[in-house]
Amino acid sequence: MTGDTVERVTAGFTEARRVADALLFEGYVLYPYRASARKNQLRWQFGVLVPPAWQDAGGEHTWQRTECLLEPRRADRLLVELRFLQVRRRSVERLSPDGESWTEVAELDLPDRVLVPWDEGEEERVALDVPLDRLTGEGHTRRFELPGGVEHEPVYDGAAGIVGRLVRHTRPLAGEIRLTTEPLPGPYGALRLTATVRNVSAWTPGPQETGDRERALPHSLIGAHLLLGLPGGRFLSMADPPEWAAPAARTCRNEHTWPVLACAEGRDEVMLSSPIILDDHPEVAAESPGPLYDATEIDEILSLRTAALTEREKREARGTDARAAEVIDLVDGMPAEVMERLHGAIRGLREVTGESTGGRAGRRTTAGDAPGGARSSDGARPSSDDGGIDLSSDDGGIDLTVVEPSAAPLPAGLRLPTGPGLPWWDPARDSAPAPGGGTVTVDGQVLGAGSRVLLQPGPRRSDAQDIFLTGRAATVEAVLEDFDGETHIAVTVDGDPGIDVRREQGRFLYFRPDEVDPLPEPARAPARDGEGGV
C-alpha cells in the first residue's frame, strides 16, 4: 500500500460524503421548514439503530449488517468510517426581567427569528484503520461511547443584550463495529467482508416510556451508514459483479443497509453502505443549488414554495434549526439563472431519425425525404385532404398547418379538442391496432392478455419495488409498445387486493420481456358429454 493509494481513498471518502450527506440529513427538516409543521413532528426515518431495550417495544432495529466482496490485490489495510447523527434535545428559556432566573418557554420571538424547542442532529464519526490480516477468524471489534451532557448558548437581542438561552441535552450513547473477512473459493484471492454496526446503549425505558419513541431517539444512532476504503485493492459491485463472483454476491446478506460502489464511474476503491438503496456510483445532481432535505420533492417546486413563505414563517424556520435557516437564505438569494437550471436538464441525446417504427404517433420519415416535403412510407405526400396536418410546403420545407380532423365517427366516449394547433392526430384514420392487444414471444411461447408469467426482474434496470416481486406469479393484462419501439408487458400480481382497481384505472405494473418467464397455462377440464364441441 502506497501513500498515493491512501490519498486516493481519502479523496474518495470526501467525494462520497457529498452523497452520504444527502442520506444522513434526508428528512431532517421538511418544507415548510418549521418545527410547528405536522410533517416535522415525526422525524428520523432512515438508518435508525435503537437501543436494545427499545427494539422489541418499538419494532425498530438495533443493528445493520453489510456484506460485500473485495479483491485485496496490493491492499493490506481496510479504512472504515461510521457516520451518524446524535440527537441533541433543545429547549428555550427566557431570562427574567431582574436577570436572576430562567423560565422555559414555548417560543422566544426575536426580530430575525422565532426560537422554539427542537431536536437537533449532531454529526458523529467513528474512524477505523485495520490491517486486513486482523479481520480473519473472530475479526476485529471496536466499541465506542459518547457521553451525555448539557450545553447552554446565550441568546442576544441587539442592544437589549442577553434575553434568553438555548439549553441542549445529549444522552449517553454506545455502539460497536465488528469487521470480519473470509476467503472465497477459487483462484481470485477475493474476500467476503462482513461489517456489523450495533447499538449497545444500556438505556432502558421507564414505566411511562415504553411506548414513547421520542424517549428512545436520544440514545439511538440516526442515519447510520458506512464508508469503506481499500487502498490498493478494489470492491466488487453487488448489483453487477463479475461472472465468477456472481454466485458469492447472491449469497451476501445485507440487513437494513445496501452497499454500492461510490465515487465516479470506473472507481472501485470506496464503497458506501447506505440505509437508502442506491445504484453504483451515485452522485448529487450538478443542478442542485444546495441541500433542501427532501429528496422526494422536485427542487424547483420546493424552492418556489419556500420563496412564497410569509415573513413570519421564514422567521420561525430560521429559529427552528440552523440548516432550515440556510435553506431560507439559499432560496431568498437564489439567482434567476440558478432557478432556471432547476427546471430540468438533458443528460444525453440519441439518434431517432430513421426508418418507420410504426405506432400510434404515425411514422418517422428518413432524413433524405427533402426536398419536396415529407413523404409517407408509400412515397405519397400527405395532404390536407387526409385530415390531420398539412405537411406540404412550396419551398420544400414542412408547413405545420392544422386542418380539420376526419368527419368519421369517433369511438364511444372519445372527444377531440378543437382550436388552433389541435389535434394533430386523428384516431378515426389511425390504422394501428388499439393498444394492449399485442403479443410477444418469450422462450418460444406467445404471451398476450390473460397469459400467466413468473416475474424475474433484472437487477440493473429494476428498483427496489420490482425486486420485491421476484418469483411472484402474475397475469398479463396487456402487451404494449412505446414510441421508441420497446415492448412492455403490463401485469397484475397474484394476491394483490387492488387488482380490480388497477384494471378499472389501467394502472398496471410493467416489465420487459426478458424479466418474465412464461408459466404453463392451467389445464382445462375435459368437456362432458353434450357440452362443447361443434
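As the structure is a prediction and not an experimental result, all values here were calculated from the model. Counting starts from 1 at the beginning of each chain's written sequence and moves along it residue by residue. Under the rules for a predicted model, residues below a pLDDT of 70 receive no local features and side-chain atom pairs below 80 are neither given nor counted, while totals for whole chains, interfaces and linings still include all residues. For side-chain calculations, the full set of non-hydrogen atoms in the structure is used, while hydrogens and water are omitted.

Participant: Quick question: what am I supposed to make of the overall build of the protein chain here?
Facilitator: Of regular secondary structure, the protein chain possesses 10 helices and 24 strands. A 1.4 Å probe rolled over the protein chains alone gives each residue an accessible area, and that area as a share of the maximum for its type sets the label: buried under 20%, exposed over 50%, partly exposed in between. Within the protein chain, buried positions represent 42% of all 534 residues. Residue contacts follow a heavy-atom distance rule, with two residues in contact if any of their heavy atoms lie within 4.5 Å. Within the protein chain, residue pairs in contact and separated by at least 24 positions form 65% of the contacts whose partners lie at least 6 positions apart. Counting only carbon and sulfur atoms, one obtains 50% of the accessible surface of the protein chain, whose full area is about 29400 Å². Secondary structure follows DSSP: runs of H or I at least 4 residues long count as helices, runs of E at least 2 residues long count as strands, and numbering of each begins at the N terminus. Under the convention used here, a 1.4 Å probe and the Shrake-Rupley method define accessible areas, while residue burial counts only the protein chains that appear.

Participant: When you look at the sheet that holds strand β13 (residues 234–235) in this model, what are you seeing that I'm missing?
Facilitator: One key point about sheets: their strands pair by backbone hydrogen bonds, in either a parallel or an antiparallel sense. At least two bridges found by DSSP between two strands are what make those strands a pair. Taken in spatial order, the 5 strands of this open sheet run β7-β10-β11-β1-β13, and their pairing is antiparallel. Each having just a single partner strand, β7 (140–146) and β13 make up the two edges of the open sheet. The sheet contact formed by strand β1 (residues 63–71) and strand β11 (residues 191–199) spans 8 bridges and is antiparallel. Across the sheet, Leu70 pairs through a bridge with Leu191, a residue of β11.

Participant: Would you mind showing me how to read helix α7 (residues 322–332) here?
Facilitator: Residues lying three or four places apart along an α-helix face the same way, a consequence of the helix completing one turn every 3.6 residues. For α7, the complete set of buried residues consists of Ala324, Ala325, Val327, Ile328 and Val331. Take α7 and look down its axis: the buried residues cluster within an arc of 155°, on one side only. Elements in contact with the buried residues of α7: α5 (299–307) and α6 (311–320). Among the residues of α7, the N-terminal cap falls to Asp321, whose side-chain oxygen and the backbone nitrogen of Arg323 are separated by 2.8 Å. Our arc is simply the arc of the directions from the helix axis toward the C-beta atoms. Here a polar contact means two N or O atoms within 3.5 Å. Within protein one must be a hydrogen donor candidate and the other an acceptor candidate, and residues neighboring in sequence count only if both atoms are side-chain atoms.

Participant: Teacher, can you tell me more about the packing of aromatic side chains here?
Facilitator: For any pair of aromatic rings, the description rests on two quantities: the centre-to-centre distance and the angle between the ring planes. Only Phe, Tyr and Trp rings take part, Trp by its six-membered ring, and two of them pair if their centres are within 6.5 Å. Stacked means planes under 30 degrees apart, edge-to-face means over 60, and tilted covers everything else. Scanning the entire structure with this criterion turns up 7 aromatic pairs. Judged by centre distance (5.6 Å) and plane angle (70°), the ring pair of Tyr28 and Trp44 falls under edge-to-face. Pair noted here: Tyr28 is in the loop between α1 (3–24) and α2 (52–58) and Trp44 is in the loop between α1 and α2, with a separation of 16 residues, a long-range link. Grouping residues by exposure puts Tyr28 and Trp44 together as buried.

Participant: Would you take a moment to explain unusual backbone geometry for this structure?
Facilitator: Peptide bonds are trans in most cases, and residues, glycine excluded, mostly fall at negative phi. Cis geometry marks the peptide bond from Tyr31 to Pro32; its omega dihedral reads 10°. Structurally, Pro32 is set in the loop between α1 and α2. Positive phi values are uncommon outside glycine, yet Trp44 reaches one of about 60°.

Participant: It is not clear to me how the confidence of the model for the protein chain should be interpreted in this structure. Could you clarify?
Facilitator: In low-pLDDT segments, the atomic positions of the prediction should not be examined closely. Chain-level pLDDT for the protein chain is 82 on average; 79% of the residues reach the 70-or-more range. Per-residue confidence from the prediction method is given by pLDDT, with values spanning 0 to 100. Contacts for the low-pLDDT stretch residues 355–406, under 50 throughout, to residues beyond four places or in other chains number 81 contacts. For the stretch residues 530–534, pLDDT sits under 50, and the model shows 0 contacts to residues farther than four places along the chain or on other chains.

Participant: Is there a simple way to explain the environment of Thr136 in this structure?
Facilitator: The topology assignment puts Thr136 in the loop between β6 (118–131) and β7. Classification of Thr136 by relative accessible area gives partly exposed; the value is 46%. With 57 residues separating them along the chain, Thr136 and Leu193 place their C-alpha atoms 9.6 Å apart. There is a polar contact of 3.5 Å between the side chain of Thr136 and the backbone oxygen of Asp133.

Participant: Would you mind showing me how to read the pairing of strand β12 (residues 222–229) here?
Facilitator: The two faces of the sheet receive side chains in turn, since in a regular strand these alternate between them. With 8 of 8 residues buried, β12 is to be regarded as a mostly interior element. Pairing geometry for strand β2 (residues 77–95) and β12, over 6 bridges, is antiparallel. Counted as the bridge partner of Leu79 is Gly229 from β12. Pairing between β12 and strand β15 (residues 270–274): 4 bridges, direction antiparallel. Across the sheet, Leu228 pairs through a bridge with Met271, a residue of β15.

Participant: What should I look at first to understand the pattern of salt bridges in this one?
Facilitator: As a working rule, side chains carrying opposite charge can pair if their charged atoms are close by. When a carboxyl oxygen of Asp or Glu is within 4 Å of a side-chain nitrogen of Lys or Arg, the pair counts as a salt bridge. For the structure shown, the criterion picks out 41 salt bridges. Ionic pairing is found between Glu214 and Arg89, a salt bridge with its closest N-O pair at 3.6 Å. In this pair, Glu214 is assigned in helix α3 (residues 213–216) and Arg89 in strand β2, connecting sequence segments 125 residues apart. Looking at Arg89, the relative accessible area reads 27%, which means it is partly exposed. The partner of Asp329 in a salt bridge is Arg318, and the shortest N-O contact between them spans 3.0 Å. Here the residue Asp329 occupies a position in helix α7, and Arg318 occupies one in helix α6, the gap between them amounting to 11 residues. Because the salt bridges share partners, they merge into one network encompassing Arg88, Arg90, Glu120, Glu122, Glu151, Glu153 and Arg168.

Participant: Mind showing me how you'd approach the nonpolar core here?
Facilitator: Soluble globular proteins tend to pack their nonpolar side chains together in the buried interior. Residues belong to one nonpolar core when they are buried, are Ala, Val, Leu, Ile, Met, Phe, Trp, Tyr or Cys, and are joined through side-chain atoms within 4.5 Å. In terms of nonpolar packing, the biggest core is built from 39 residues, with Leu78, Leu82, Phe84, Leu179, Leu221 and Phe235 touching the most fellow members. Those elements giving two or more residues to this core turn out to be β1, β2, β6, β7, β10 (173–183), β11, β12 and α4 (246–250). Apart from the residues within four sequence positions on either side, Leu82 is in contact with Glu124, Arg125, Val126, Phe144, Ile177, Val197, Leu221, Ala224, His225 and Leu226. Grouped together as the second largest cluster of nonpolar side chains are 29 residues, Ala216, Ile222, Tyr293 and Leu309 included.

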